[in-house]
Every structure is written in structure tokens, then in C-alpha cells.
Amino acid sequence: MNTESNAVPESPRDPQATESQVSLSAVIPESRRLCWSVRRELWENRSIYIAPLAVAGVTLFGFVIATFGRALAVSDLAQRRAVLEEPYTFAALLIMATTLVVAVIYCLDALHGERRDRSILFWKSLPVSDLTTVLSKASIPLVVLPLLTFGIIVAMQVIMVLLSSVVMLASGLSPAELWAQLSLFQMSMLLYHLVVVHGLYYAPIYAWLLLVSGWARRAPFLWAGLPLLAIGLVEKIAFNTSHFAAMLESRIAGGGEAVPFPMAGNAAMHHELTLLTLGRFLISPGMWIGLAVAAAFLTGSVRLRRYQGPI
Amino acid sequence: MTVIEARGLRKAFGATIALDSINLRVDEGRILGLIGPNGAGKTTALNAILGLTPYQGELNVLGRDPWAERDQLMRDVCFIADVAVLPRWMRVWQTLDYLAGVHPRFDRAKAEGFLAKTTINRASKVRELSKGMVAQLHLALVMAIDARLLVLDEPTLGLDILFRKQFYDSLLNDYFDGRRTIVVTTHQVEEVEHVLTDLMFIDRGRIVFNCSMEELESRYVELTVHPEQVAAARALKPMHERQMIGRSVMLFDRVDRQQLAGFGEVRTTSIADLFVAVIDNQVGQAQGVAR
């Protein structure tokens, strides 16, 4: 049996077949390896999509109660409208906060977990370069999570608008203004905010976390925070200034007023002014210095991945 | 064709020298056993060959520099480094999907065929499998890759004897075809004894013994000496002598079997006994130098 099953794959292995296999081998492009590696990350870290989906589910549950319970209990129609319009921004912020937490936890574990459980030896036995691996891991907070957050927020808000439209129509109110929540402008502002701030502007933060997770032998969480604290303290004691802390703060705040958060009431924002501000933010030195720092940290992470083994 | 060639391969961790300028050459179609005590440098040598660690000296694996080109090298090289390095969170079908996605020489149907012979459920997570099943899964994945060099570092550590036997049986029957090359390290020497074509002992970062199995069988003879013949046998300069149940057991290198048969019972040495003899002599030499 064994010898037979051995002979079968052997026989068609004429030189031509081997050649076609060889030429096939060159065909797997690095981009396909990257895609599979990103998929692999999603298999491993299902919290990437489960956490925001769960929060969206809970939010919707609360919203249903608010819509059909609290809103209907208010007899004044203007107040009823207010109750129905109130939770949109809050719900969106909640999802964003969730994905930010998910991103931080993910990054700190991304290059640490595979060394801790020794599976790095398996990954390194495959023809996937360290660069591809690190890029696939970095793409989760930089690309996948912002887009996922956008998708979930939009889906959630569509459901919310549909639900409140029912109540509004039943109350004889026009739901038209509510649909402004879903205007193209609002949506593109949200997408812009997520891609530019959560993706690009936060890039050095995520890259730093990845670097630490690739370097630390244990407690990457501490190693990620302590050096920053130390720099801030030294600066404070030595020069009695706090530029470093201020810089971190402005980075985490997402560039402050430069990128207006897509608030429910902000629909009246002047398009041109906003676009101008957005454009200026995109070419601001802060943005590009941040990206350069992120690139440096990622380069460091690739290098570390190459040298590090299991811990 | 030469698969692995090392010249002056050296690796130090601080003051500890893990590899002390070793020279090594492995040809295509060989099954090499790399045997050595703990901390002898086996794993360091394999890590250098697999591009997992930087090194000094020259090293060429399938025409590539492993440290500089690990990812390209891994298209033609496979390794099982230790048992249980498969990610515990992964499901069996995910390992198949992922390998099919990234590995140009992975034959999915072949892997499925190997798995069908086991009781492994495709929906199971690796953490739900027994240790033996994880080893079976890893072996199925590796055997489905059309690689030219397979490196196994203690592939059966901690498995029960049935799995260990089965592991080497499948490797020989379903995988090895004379064009592939296998390098294996293990402490369970008896189990690989009949699998190997070449043998290499490594101790304190040096290769202290290197020969093919055919050579081993023709060169080395173990003699259990009759008590009255001990002095005569010693005159033939055994490379090693030990006592077993009150009798002397001597190991000879390149001494005529017929001649030895007169002094007692003659048999071909086992790898384990040869290993002990070689390592003991090393220790003796080292002490001699120290004095």
C-alpha cells in the first residue's frame, strides 16, 4: 500500500512536470504572501473584528431600548427628535475607542506571541520574508482596523437610522434630517478621519508598539510605556520643560483641531474650508515626520524579527 | 551535488563558543545524523544552516547564503525544529490553506492524503490535538512540500515509542526518494540507527567524528574479551575500553575481525557505544592537554 501510494506521485514527475512546478514556484508573488499573512493574522486574532462587532451589537441593543422605550415615552415631539438624534456620535466614538484598544493590544502581542509560544520556528520554516511578516502585522492597525471600523460604524448607523425612521414616521416627524447622518459628506469625513488619523497619524505609535513587542523578552506592555515616561521625566527634571509629553499628547489627540471629528452637528461645516484644512493637515510636517518615524520603527522591527528566536 | 557546505563555520555567544570553526559537507541523497551531548552545538549548527542565526565563516546551502536569503532558501528547505512549534491557535484546515497560499512547492492533495491516514480532524485546533497528533500533522505538512533538504531537530522528543517508530517509517517510505537530503539530530540514537546513511558526532562546538554507515560497519568492531585474553587484546590498541558485568568490552578501529574473533565475541558496534567511546576519548584528550 505504502509503496504503491509512493509510486503514484513519482511517475508523472517527468522533467517537464518538474520544470512547470519550478516556474510555478516563481509565480507566487510577494503580494499574495502578504494577503495570506494578513488573513493568518485575522485567524489568530479574532478579537480584531469580534470586539467592535460585539460593541456595535450592544450599542444597537441599547439604541432599540432608547428608540422604542425612552423616545416613545417622551410626549413632546421636539424632545423625542432630540432623543433619537443623540446617540449617533457617541456610538461611533464607542466603536473607534474599541478598535483603538484592540489595535494597541494586538500590536503589543504581534511579534511577542509568536516568540513566546515558539511558533516563530514554524513561521520561519516557510518562504515568507521577515519584511512581509512585519508588513502584514503592521497592516492590521494601519489599514485593516480603520476600514473595518468604518464598515461597522456605517452598518450600525444605517440600522440606527432605519429604526429611528420607523419611530419618527410613526410620530408624524420627518426623518429626513436623520438621513443626513448618512450623507456622503458625513461618511467621507468619517472615512477620512479613520484612514488619516487612525491609520496614518497614529502610525508611529503602532510601529513603536510593534518594535517593542519584537524586542521585549517579557512584559512588552511595560516596555512600551516606561521609556516614554522616562524621557518625559528626564526632560522635566533636566530642563523643566515638557515638550516630549506635549508632543505625545498632541499625537494621541490626533492632531487636535486640524482634523475636525465628524460630529452629528458638524454637517454644516463649510466644505471648502474643511477640505483646505484637511489638505493642510495631510502635508503638515507632523504627519510626515510621524510617517518617517513609523518607517524607522518598522525597519527596526523587521531587523529584530530576523535576529530573534523563541524566548 | 553538494547540499550543505561549511568552511570555518564559527558562532560564539559572548564568551561561549558554540561552533568552533567547523567544516562540513553533505551531499545530495544522504541522511545525516548529527549526534552530540546537550549543548554541543547541534542546534546552533542547524540554526546557521536554516538562516535563523548569523555566523562567521563560510556557509552555503543549496547555493545560497542562509542568513542573507532565508525566505528564498525556505522554498527548497523544510525543517521541523523541535516538536510542538505549530501555532496552538491554528486549525488544521488553516495550516493547509496557509501553506498552499504561501508555499510554491506545497502539494495540498498530498498533505490531505497523509492526514487521511491519521485520526486528525480537519476542524480541530492544534491545541486540541495530542502531542503525537501534532507531530503527525507537522510531518504531513512537511512531507507534502517538495523540498530538497529536510532538517529535523529532535523531531520525536517526548513522543511515545509507537509514534516515534511510525514517524521514521513514514519518513523513509513516503518521503525519502534518494534525491532529497535529510539532516536529523536526536538523542534517541537507536531509533535512527537504521535510517541514517551518514553519521557525525559533535562535541563542544567541534565535529569529532564523521563517517558513512557503510564505513562504520566495516571499520569498527566491538569485542567482548575473554578474561584471559585481555592483555593480548589490549596490545592491539583498542580505541576504547569499558567494563560490563565484570568483562572488558573493547572497541577497535580498523582491526581485522578474524584476528579479534580469537579473543572473544565480536560484533558490529552500535552508534550509542561508538558515541560514548568517541566522547570519552575527547574528554581524555582534553584532560591530557590541561595537564
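Definitions and cut-offs
- Residues numbered from 1 in each chain as written.
- Chains lettered and ligands numbered in written order.
- Predicted model: local features only at pLDDT ≥ 70, side-chain atom pairs only at ≥ 80, totals over all residues.
- Helix = DSSP H or I, 4+ residues; strand = E, 2+ residues; numbered from the N terminus.
- Buried ≥ 20, exposed ≤ 12 C-beta atoms within 10 Å, placed from the backbone.
- Expected span 1.5 Å × (residues − 1).
- Arc of directions from axis to C-beta.
- Contact = placed C-beta atoms within 7 Å.
- Nonpolar A, V, L, I, M, F, W, Y, C, P; charged D, E, K, R; others polar.
- Core = buried A, V, L, I, M, F, W, Y, C linked by C-beta atoms within 7 Å.
- Domains from an automatic or database assignment.
- Pairing = 2+ DSSP bridges.
- Axes fitted to C-alpha atoms, helices over the stretch in contact; angles between N-to-C directions.
- Parallel < 35°, antiparallel > 145°, perpendicular 65-115°, else oblique.

### Some details on the overall build of chain B
A count of helical and extended segments in chain B gives 11 helices and 13 strands. Seen through its principal axes, chain B has C-alpha atoms that stretch 65 × 40 × 35 Å. Looking at chain B as a whole, 44% of its 291 residues are labelled buried.

### A closer look at helix 3 (residues 30–44) of chain A
The end-to-end C-alpha distance of helix 3 of chain A is 21 Å, a good match for the 21 Å that 15 residues give at a rise of 1.5 Å each. Among all positions of helix 3 of chain A, only Arg33(A), Trp36(A), Ser37(A) and Arg40(A) are buried. Down the axis of helix 3 of chain A, the buried set is contained in an arc of 105°. They therefore lie on one face. Looking at the packing, one finds that the buried side of helix 3 of chain A touches helix 8 (130–171) of chain A together with helix 3 (92–102) of chain B.

### Considerations on the environment of Glu235(A)
Residues and elements named next belong to chain A. Assignment of secondary structure puts Glu-235 in helix 12 (residues 220–239). When the 15 C-beta atoms within 10 Å are taken as the criterion, Glu-235 is described as partly exposed. Distance in space between the C-alpha atoms of Glu-235 and Leu-191 is 37 Å, their sequence separation being 44 residues. In contact with Glu-235, not counting residues within four places along its chain, are Thr-241, Ser-242, His-243 and Phe-244.

### Quick word on the interface of chain B and chain A
Taken together, the contact between chain B and chain A spans 26 residues of the former and 25 residues of the latter. Among the elements that make up the side of chain B that touches chain A, the one with the highest residue count is helix 3 of chain B (four residues). Residue composition of the side of chain B that touches chain A, grouped by class: 13 nonpolar, five polar and eight charged.

### What about the nonpolar core?
Of all hydrophobic cores here, the largest spans 96 residues; its most connected members are Ile49(B), Val61(B), Val77(B), Ala140(B) and Val151(B). When we break this core down by domain, the ones giving at least three residues each are domain 1 (2–204) and domain 2 (215–290) of chain B. With 46 residues, the next largest nonpolar core counts Ile48(A), Phe63(A), Tyr88(A) and Val134(A) among its residues.

### Points about unusual backbone geometry
Across the chain, the bulk of peptide bonds are trans and the bulk of non-glycine residues have phi less than zero. Phi angles above zero are rare outside glycine, and Asn240(A) is one such case at about 55°. Its place among the elements puts Asn240(A) in the loop between helix 12 and helix 13 (243–252). Residue class for Asn240(A) comes out exposed when judged on the 7 C-beta atoms lying within 10 Å of it. Unusually for a residue other than glycine, Arg254(B) sits at a positive phi of about 55°.

### A word on the domain arrangement of chain B
Residue and element names in this part refer to chain B. Domain boundaries in chain B define domain 1 (2–204) and domain 2 (215–290). A straight line from the C-alpha centre of domain 1 to that of domain 2 covers 33 Å. Taken together, the contact pairs eight residues of domain 1 with eight residues of domain 2. Secondary structure elements with two or more residues in the side of domain 1 that touches domain 2: helix 7 (189–192) and strand 8 (198–203). Considering each element in turn, the side of domain 1 that touches domain 2 owes the most residues, three residues, to strand 8.

### Focus: the sheet that holds strand 11 (residues 240–244) of chain B
Residues and elements named next belong to chain B. The sheet built from four strands is open, its strands ordered 11-12-10-13 with antiparallel pairing. Unpaired on one side and paired on the other, strand 11 and strand 13 (264–268) mark the two borders of the sheet. Sheet twist, expressed as the mean angle between neighbouring strand axes with direction ignored, is 25°. In terms of strand pairing, strand 10 (residues 220–225) meets strand 13 through five bridges, oriented antiparallel. Across the sheet, the residue bridging to Val-225 is Gly-264, located in strand 13.

### A look at the sheet that holds strand 4 (residues 56–61) of chain B
Residues and elements named next belong to chain B. In space, the three strands of this open sheet follow the order 2-1-4, with antiparallel pairing throughout. With one partner strand each, in any of the chains shown, strand 2 (16–27) and strand 4 form the two edges of the open sheet. Taken over all neighbouring pairs, the strand axes of this sheet differ in orientation by 15° on average, direction set aside. Sheet topology note: the strand 1 (residues 2–13)/strand 4 ladder contains five bridges and is antiparallel. Along strand 4, the bridge assignment pairs Ala-6 with Leu-59. Across the sheet, helix 1 (residues 42–49) touches strand 1, strand 2 and strand 4, and the angle it forms with strand 1 is around 120°.

### Observations regarding the packing of helix 5 (residues 77–85) of chain A against helix 8 of chain A
Residues and elements named next belong to chain A. Two elements in contact, helix 5 and helix 8, have axes whose closest approach is 11 Å; the angle formed by their N-to-C orientations is 175°. By the angle class used here, helix 5 and helix 8 are roughly antiparallel. Together, Leu-77, Arg-80 and Leu-84 of helix 5 and Ser-164, Val-167, Met-168 and Ser-171 of helix 8 make up the contact between the two elements.

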